[in-house]
Number of protein chains: 4
Amino acid sequence: MSATWGNKLKITIFGESHSDAIGVVLDGVPAGVKLNFKEIRKQMTRRAPNGGEFSTPRKEADNAEILCGVLNGITEGTPICAVIKNTNTKSSDYSQLKDVMRPSHADYGYRVKYNGFNDIRGGGASSGRLTAAIVFAGAIARQLLKKKHINVVSHILSVGPVKDERFATEIEKPLVERLSGSVLPLINKEKEDDIKEIIACARRDGDSVGGVIECAVTGLKAGFGDPMFDSIESTISSLLFSVPAVKGVEFGCGYDMTAMRGSEANDCWYYDRNGALRTRTNNNGGVLGGISTGMPVVFNVAIKPTASIFKEQDTVNVATHENVTLSLKGRHDPCIVVRALPVIEAVAALAIYQFVGD
Amino acid sequence: MSATWGNKLKITIFGESHSDAIGVVLDGVPAGVKLNFKEIRKQMTRRAPNGGEFSTPRKEADNAEILCGVLNGITEGTPICAVIKNTNTKSSDYSQLKDVMRPSHADYGYRVKYNGFNDIRGGGASSGRLTAAIVFAGAIARQLLKKKHINVVSHILSVGPVKDERFATEIEKPLVERLSGSVLPLINKEKEDDIKEIIACARRDGDSVGGVIECAVTGLKAGFGDPMFDSIESTISSLLFSVPAVKGVEFGCGYDMTAMRGSEANDCWYYDRNGALRTRTNNNGGVLGGISTGMPVVFNVAIKPTASIFKEQDTVNVATHENVTLSLKGRHDPCIVVRALPVIEAVAALAIYQFVGD
Amino acid sequence: MSATWGNKLKITIFGESHSDAIGVVLDGVPAGVKLNFKEIRKQMTRRAPNGGEFSTPRKEADNAEILCGVLNGITEGTPICAVIKNTNTKSSDYSQLKDVMRPSHADYGYRVKYNGFNDIRGGGASSGRLTAAIVFAGAIARQLLKKKHINVVSHILSVGPVKDERFATEIEKPLVERLSGSVLPLINKEKEDDIKEIIACARRDGDSVGGVIECAVTGLKAGFGDPMFDSIESTISSLLFSVPAVKGVEFGCGYDMTAMRGSEANDCWYYDRNGALRTRTNNNGGVLGGISTGMPVVFNVAIKPTASIFKEQDTVNVATHENVTLSLKGRHDPCIVVRALPVIEAVAALAIYQFVGD
Amino acid sequence: MSATWGNKLKITIFGESHSDAIGVVLDGVPAGVKLNFKEIRKQMTRRAPNGGEFSTPRKEADNAEILCGVLNGITEGTPICAVIKNTNTKSSDYSQLKDVMRPSHADYGYRVKYNGFNDIRGGGASSGRLTAAIVFAGAIARQLLKKKHINVVSHILSVGPVKDERFATEIEKPLVERLSGSVLPLINKEKEDDIKEIIACARRDGDSVGGVIECAVTGLKAGFGDPMFDSIESTISSLLFSVPAVKGVEFGCGYDMTAMRGSEANDCWYYDRNGALRTRTNNNGGVLGGISTGMPVVFNVAIKPTASIFKEQDTVNVATHENVTLSLKGRHDPCIVVRALPVIEAVAALAIYQFVGD
């Protein structure tokens, strides 16, 4: 099974790229929470295709209609179901793809798994479109976290070869606010033009680029998470790898730690001038033994270049059993990193809520 | 909760580093399987501390006593419980650590979470010792997979700055056999001396080094895995991040893909000379949309340098609320990458069995 | 958490009596199944209030709109979400009930649990209305079972003091067909008038009556079910007790067995004239040690009299902290046993599918 | 899967009647609880076969050895594993039963399910012996509940035709204490001799009798339980039906309510002289809409007569495919109701802890 995830806040996702609608059921939102719909709307808009410079030319309003669980804007404690209509679908674009497998897409695995009965239009259930449901759920989780003074923030760590800086050991509030308000959140703002150019260039070439998103959860106290199978890392990563195009996850310095010696890598504890317990570095990303340390929980995610490109590619026709070439048409993102930012933040919020939720 | 993991084959792990015993319950092993105890023993021995050049001086026999679920060497279909006694524990080594937090260990998070009632000796439940239970369970999962012609193999991709080669797109049987029989499995055998030297050097310095393990699952047909929350990547990564010291996970080329363009990164399908459907490259690591492609499932894991080092470190005493220095005593691994190999393979076997199991 | 149930076929239910809609997500329906919508419609209609002699005067069409998971009438293997609009709601009926607790309703427990934020109109999420979603899911489960030659059938075992006969040890096909086609399914048809009269009489008195439904699953071979926590009985009963008004469950002869001696109660095995292995009696209801025996799985369910009656009742106003009297208005069923039949059958189908599903 | 149950307090059970040991892993016991081992011992002894008048002649000490999770008698917050050795097994008693199916035992279903690889000695995993593990887990759950002023108590409601009285609407403390201290707990003590005689008589005849146990949970406040699939009734019943020989479950008046009219059956609320909110009757057994009302949670369980009797019975030999007769030997309980009392109480404690646990 695969549509349901979580424990304290359980989400069940449904829909395909070209079905009538997609949506999500959230079970476990406490009663009596006044929802900030503007904030939900803001997160949905960050993810929605808007025809802008970082996006597919397709536009989709992504209005989430709440069917139940909320009365007069206040949660009832019962499951919340939100439905998002699929309005701007061009199904004809996919007619050629019935038997021709798009490289680096889920087409072939799905075809085998579902004996060819899966809806291939728009990638069906493997479409990034379903992340709209995750963003909706995450937008609610964020509001629940905010009441506990926990914030989620992310920035672009790289697009193609262009790199931003990593989060510092301590993540200050002004930075959090600046990044949260930015369409292209970067710690080093000077990289903005390079990144825009890399994406524009890939678009001009009918090609695509990938990148890395770094995300931080601030305000989480020490002692959350469960040893062994419900570690903070296990919980976050299991959800991250449900997001299409994610190919890697690091906590803290991740792979860079493997080239360090223990004496460099270890995060030394100290009491700061206010008597707060902190570590000098945060190479471990705020998690030790699966449990939060009280430092920011920091992880990053590798997002591969969009698989849909306009360049001609070699592939196969599985009906005729022939090697063929394929030139994709339709509307595709040259780089999904920007639109993925709110998705990764939503994942972080949903995962952390599992530990701090009521 | 955290002690139970899995669906078709469910494992429940118990024990702490210095409790009477640790162990595991396996629920879901089919009836009628003649277990190969020699093979279980082999895997347990690969992980067990043996006092050798890559290990802690501590030795532990790690004999797993099977309490139930097996009759005359054949599985009954009912839960199998295996218990591994903790025989070689030196609890006195830990007396100084009651209030002094070891850097990069779980000490502080545990203390907060369990209000100080957790057993700190040997790291308690956060100890790498519990991976013996995972190796036991994995050794059984491997035997179940072998009946389905699925193999798990791994090698050291790096230790500190020394790097081995990645798996090629196709992984041939002789390589699998060579790696499986090797204590220090490397694709490029010439790196062996460098790696030994890096580890020996860290030991001499009272320090430690980390590394990367690359693991491949061969023989898995296309169409396994579940979209969204039970993707192959989600399942493998959730279990990997339960293994102490794991700080990152990549599938296929992982982070390297983020610097590629789509036209380079995409794995193009073709029919090979035998009519088999393959991809020219395997940058995606054999998984697309959460589902197997029929190519080897390839992932790698970042393992941080052992947190326990003999060099003096800055830290705090949380009872006296003071900044202090700490010099660890006891017996510690200078590099746990070698002993982690069978653990990572066990994780791969347990995860893949969730999809192909009966 | 509470909205999600099941393993092979997982259902997630949402909605309240007076929310915009209720619905269900089914995860785990295999791909390639041509759905019989007429059969789904038939089951929905059996449950829907129709203003008839056994029902509330309220009418509700209960059209289930399928949002995803089905393409051209054939399942895709991805989650199916069905939404049922709440069209005929009279919210004004409930204004008096904000603080006055209806006896034998969930009002008070909900108020405490949800701090008064739950929607009280129509009983909110505790409403029998949500069983429409269970019937929808069950209607699909039945179709999956039919492909495996497994049938679910039920009859009214009693209404108030009027009793029908129990199922015989062997349940013949003509009886199954007759009961399936009947609005008031009874083994002894002569009881029909008595039952109609009992219900009509309760309605005239502004009162209500309860009853017992006996349900049988035929065609299930021996060897299904899981010992201990996923016994057939555990699985069926956990779902039955999610149905409002259910207060008891028996398998086979249930309580009657407690007054028998072992020598009477034991079901003796024999090979019948066709060499089939059967039992002479089926006092155990086709389940032993949690596992099917190959005999029909037979259970029955106690359904209490509708809590909503028009007679004046003593109760309290929890706002004023006073003892008060209450006279309910609105539209209520004098006996929900008839409308509960398809719900109980749906539960049986969903539960059994957990064991035989692919 | 079937060996793991629960959420806040998760139990995993293992072992068979004649395996080396049986046992249980408890995951979720909070840290810092000083366990009362004498109380655990007391509950284990109530269930253990003692050779007395209500028991099989077999004696078993049922000492639970705790392997981990407890340090100096205080829980650590990590999983607790307890192992109970199987010391007094007479495996030779079962040699005749390899192919001859005992009536009303799980033999045949198990044989089919496990392809004959299950251990048949003593009933293998279907043995009542595994309830020792449930009693151990329940004994800990009870201690956790006691800290929240919640008590579990039960009495024999009937053995064969002899009936005790039901619990009154309010259950007073002296009664709870008297029943808790009694080997043969009865509200109406005058029934004691009749019950002893019924059991003795069945033993003399080589036969067996069943009975009903009524159980109450006192001190549970209103508002616990989850609507729909995690109702209090669903949770209790799913666990009850994992106990061998349970064939029926009622909450409150159960089946008797089906013969009442709503006006009789409804539990009317009132404020008592102390201003406490109570109901005049407790026909619903303290649960409405799946949620506690604040009245005692009352349920009862039908326990069938022991399937193992010494009288000759008709059955089959599945190897020779013949109808045969069977005369059982060995040591069997003439009535398991008395030994089942602590098991049913353990189930109640484990189930209620799911809702009130930390």
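The model shown is predicted, which means the values in this text are computed figures rather than measured ones.

A. Highlighting the packing of aromatic side chains. Summed over all chains, the structure comprises 18 aromatic pairs over all chains. Between the NZ or CZ atom of Arg 280 of chain B and the centre of the ring of Tyr 270 of chain B, over which it lies, the distance is 3.7 Å.

B. Here's a closer look at the side chain of Thr 315 of chain A. With respect to the element layout, Thr 315 of chain A can be found in strand S17 (residues 313-317). A polar contact is formed between the side chain of Thr 315 of chain A and the backbone oxygen of Met 101 of chain A, at a distance of 2.6 Å. Among residues more than four places away in sequence, those in contact with Thr 315 of chain A are Val 100, Met 101, Pro 103, Glu 322, Asn 323, Val 324 and Leu 326 of chain A together with Trp 269 of chain B.

C. Structural view of the relation of the copies chain B and chain D. Expressed as a screw transformation, the operator carrying chain B onto chain D has a rotation angle of 180 degrees and an axial translation of 0.0 Å, and the superposed copies differ by an RMSD of 0.0 Å. Expressed as a symmetry operation, the mapping of one chain copy onto the other fits a two-fold axis. Judged by C-alpha distance, Thr 12 of chain B is the residue of chain B that lies nearest the rotation axis, at 3.7 Å. Interface overlap between copies is the fraction of interface residues in one copy that are interface residues in the other; for chain B against chain D it reaches 100%, indicating a shared surface.

D. Expanded view of the pairing of strand S16 (residues 297-303) of chain B. All names here are of chain B. The buried count for S16 comes to seven of seven residues, which makes it a mostly enclosed element. Neither face of S16 is exposed, since Val 297, Phe 299, Val 301 and Ile 303 on one face and Val 298, Asn 300 and Ala 302 on the opposite face are all buried. Note that strand S10 (residues 211-218) and S16 share seven bridges and pair antiparallel. Across the sheet, the residue bridging to Glu 214 is Asn 300, located in S16.

E. Summary view of the interface of chain B and chain A. Contacts between chain B and chain A engage 98 residues on the former and 98 residues on the latter. If you sort the residues of chain B by the area they bury against chain A, Phe 229, Lys 247 and Tyr 271 of chain B come out on top, with a joint share of 11%. Joining chain B to chain A, the criterion identifies eight salt bridges. The closest approach of N and O atoms between Arg 261 of chain A and Asp 207 of chain B, which form a salt bridge, is 3.9 Å. Scanning the region where chain B abuts chain A turns up 52 residue pairs in polar contact (both at pLDDT 80 or more). Considering each element in turn, the side of chain B that touches chain A owes the most residues, six residues, to strand S11 (residues 246-251) of chain B.

F. The arrangement of the pattern of salt bridges in detail. Applying the stated criterion to the full structure yields 80 salt bridges over all chains. Its salt-bridge partner being Asp 226 of chain B, residue Lys 113 of chain A comes within 3.2 Å of it at the nearest N-O pair. Separated into two different chains, Lys 113 of chain A in helix H2 (residues 107-113) and Asp 226 of chain B in the loop between S10 and helix H6 (232-240) make up a pair that spans both. For Arg 166 of chain A, the salt bridge is made with Glu 250 of chain A, and the minimal N-O distance between the two is 3.7 Å. Note that Arg 166 of chain A is positioned in the loop between strand S9 (162-163) and helix H4 (173-180) and Glu 250 of chain A in strand S11 (residues 246-251), a separation of 84 residues in sequence. Arg 166 of chain A gets classed as partly exposed once you look at its relative accessible area, which sits at 29%. When its relative accessible area of 5% is taken as the criterion, Glu 250 of chain A is described as buried. Here the salt bridges do not stand alone but share partners, grouping Asp 205, Asp 207 and Lys 311 of chain A together with Arg 261 of chain B into one network.

G. Looking closely at the side chain of Gln 143 of chain A. All names here are of chain A. If you trace the backbone, Gln 143 turns up in helix H3 (residues 131-146). A distance of 2.8 Å separates a polar atom in the side chain of Gln 143 from the backbone nitrogen of Asn 36. Discounting chain neighbours no more than four positions away, the residues touching Gln 143 are Lys 34, Leu 35, Asn 36, Glu 39 and Ile 40.

H. How the structure looks around the pairing of strand S8 (residues 151-159) of chain D. Residue and element names in this part refer to chain D. Of all nine residues that make up S8, eight are buried, and the element is covered over most of its length. Alignment of S8 against strand S10 (residues 211-218), held across eight bridges, turns out to be antiparallel. Across the sheet, the residue bridging to Ile 156 is Ile 213, located in S10.

How each quantity is defined
Within every chain, residues take consecutive numbers counted from 1 along the sequence as written. All chains are assigned letters beginning with A, and all ligands numbers beginning with 1, in the order in which they are written. The model is predicted, so local features are restricted to residues of pLDDT at least 70 and side-chain atom pairs to those at 80 or more, both for listing and for counting; the totals for chains, interfaces and linings are taken over all residues. The basis for the side-chain values is all heavy atoms of the structure; hydrogens and waters are excluded. Working definition: a ring pair exists when centres of Phe, Tyr or Trp rings (six-membered ring for Trp) sit within 6.5 Å. Plane angles under 30 degrees give stacked, over 60 give edge-to-face, the rest tilted. A positively charged side chain is recorded as over a ring if its NZ (Lys) or CZ (Arg) lies within 6 Å of the ring centre. The angle to the ring normal must also be within 35 degrees. Every helix listed is a DSSP run of H or I at least four residues long, and every strand listed is a run of E at least two residues long, numbered separately from the N terminus. Distance and chemistry together define a polar contact, namely a pair of N or O atoms within 3.5 Å, with one atom able to donate a hydrogen and the other to accept it when in protein, and with adjacent residues in sequence counting only for side-chain atoms on both sides. Contact criterion: two residues are considered in contact whenever any of their non-hydrogen atoms come within 4.5 Å of each other. When the copies are superposed, the least-squares fit takes in the C-alpha atoms of residues with a pLDDT of at least 70 in both. Only protein chains enter the area calculation, which uses a 1.4 Å probe; residues under 20% of their type maximum are buried, those over 50% are exposed, and those in between are partly exposed. In this analysis, strands are considered paired if DSSP registers two or more bridges between them. For any pair of parts, buried area is found by adding up, for both, the accessible area (1.4 Å probe) each one loses once the two are put together. Any Lys or Arg side-chain nitrogen located within 4 Å of an Asp or Glu carboxyl oxygen qualifies as a salt bridge.

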